[in-house]
Amino acid sequence: MIKPSASAEIRELIAGLGGSDDVRREAAIARLAVIGPRAVDALLHAYASTTDRDLRIAVLRALEPSADRRIIEIARQAIAQGGEVAIAAATALRSLLDSTDATASAEALDLLVATVVDRSAERAVRMTAFDALHAMPASVRARIREALQSDPDPHLKARALDSSNSSAMAEAIWEDALDGRLPDTPAILRAAADARASAAAFSALQKMIDAVRAREGMTTARRRAEWQTVRGALHQALALRGSRVAVYDLRESVEDATAPLPSSFLAALHVVGDPSCLEPLAAAYARAGADSRWKSQLAAAFRAIAQRERVTRRHVVVKRIAARWPEAAQKLT
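Residues numbered from 1 in each chain as written. Predicted model: local features only at pLDDT ≥ 70, side-chain atom pairs only at ≥ 80, totals over all residues. Heavy atoms only, no water.

Bringing the environment of Leu133 into the picture now. Along the chain, Leu133 turns up in the loop between α8 (123-132) and α9 (138-147). Considered as a pair, Leu133 and Ala214 are 81 residues apart in the sequence and their alpha carbons are 33 Å apart. Discounting residues that sit within four places of it in the chain, Leu133 has contacts with Leu97, Leu109, Leu112, Val113, Val116 and Ile144. (Helix = DSSP H or I, 4+ residues; strand = E, 2+ residues; numbered from the N terminus. Contact = heavy atoms within 4.5 Å.)

The next thing to look at is the environment of Ala192. Mapped onto the elements of the fold, Ala192 is located in helix α12 (residues 186-196). In this structure the C-alpha to C-alpha distance between Ala192 and Ala172, which are 20 residues apart in sequence, comes to 9.1 Å. Not counting residues up to four positions away in its chain, the partners in contact with Ala192 are Ala170, Ile173 and Trp174.

A few words now on the layout of surface pockets. Empty space within the second largest pocket amounts to approximately 730 Å³. The wall of the second largest pocket is formed by 20 residues, among which Glu9, Glu12, Leu13, Ala304 and Gln307 lie closest to the centre. For the lining of the second largest pocket, the secondary structure elements donating two or more residues are α1 (4-15), α2 (22-35), α16 (263-272) and α18 (292-308). Residue composition of the lining of the second largest pocket, by class: 7 nonpolar, 4 polar and 9 charged. (1 Å grid on protein atoms, 1.4 Å probe; cavity = no way out; pocket = protein on both sides within 12 Å on 5 of 7 lines; lining within 4 Å. Points joined across faces, edges and corners; volume = space filled by probe spheres on them. Nonpolar A, V, L, I, M, F, W, Y, C, P; charged D, E, K, R; others polar.)

Structural data, given as structure tokens:
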């Protein structure tokens, strides 16, 4: 039974899945993922109660970490309809492949394989289903290769036939990065991280964040922004799992920011930020000038942390903020 306070929080978070505020949406997805099974019924109801594409995609992203078997029927219907919701549904099935519920795992596997070999399905949906099977056993890989031998889509056939090499390469890139040997191109590491971050050890993600931040300091401004996007994605992966092992980097990133950070940083702060992050957020707010969007994102993160951690105006941190940045304190508290 969901306590009233928890139920109210879940409703508020689900409301945050809609709209154009990407920080609020990403933060809501991460927080709902952390809440886990208690939020599943409400998420399923939200999905069934709307036809809005973007809201349904956000709900599916929030549902993915739960590995709830009820995702399978939603995914089946969405994949049959096609489009971007079908792509999100295929991705959401990925977590079920490792489910302790053997029946659910088998059903998710069968649905993904059926989607890959379905020639009437959209290419993007088939590709996504195939990518969700990145760790498929050799027997499943052989089954797919055989089914795709005569497939008319050369792109999908090539992806399937080259899957073992691609998987091995991504694994090698990830392991090299953990050893401090990052690739020259940030997008290559981002692709490897997207496939592995959800199951990687917290210590590995923390080590990767430190390595990426070090690389940011040794490259051009354009590449620095690209590496920062990778680091934000790693922080978001940790936030989706409720880990605070790299909060220090979030805090220092806000302290050092001379321009708005990627939305993933603020979304992660919403979920795992602690009171030590409030002063850097207030300082960034005070120096943000006329950038209303950045100020709004900083204020939302500040208030989310203060509310979650029960930080009131009597808290020593808030008193320090009021002394150093009185105008910001008045707006934020």
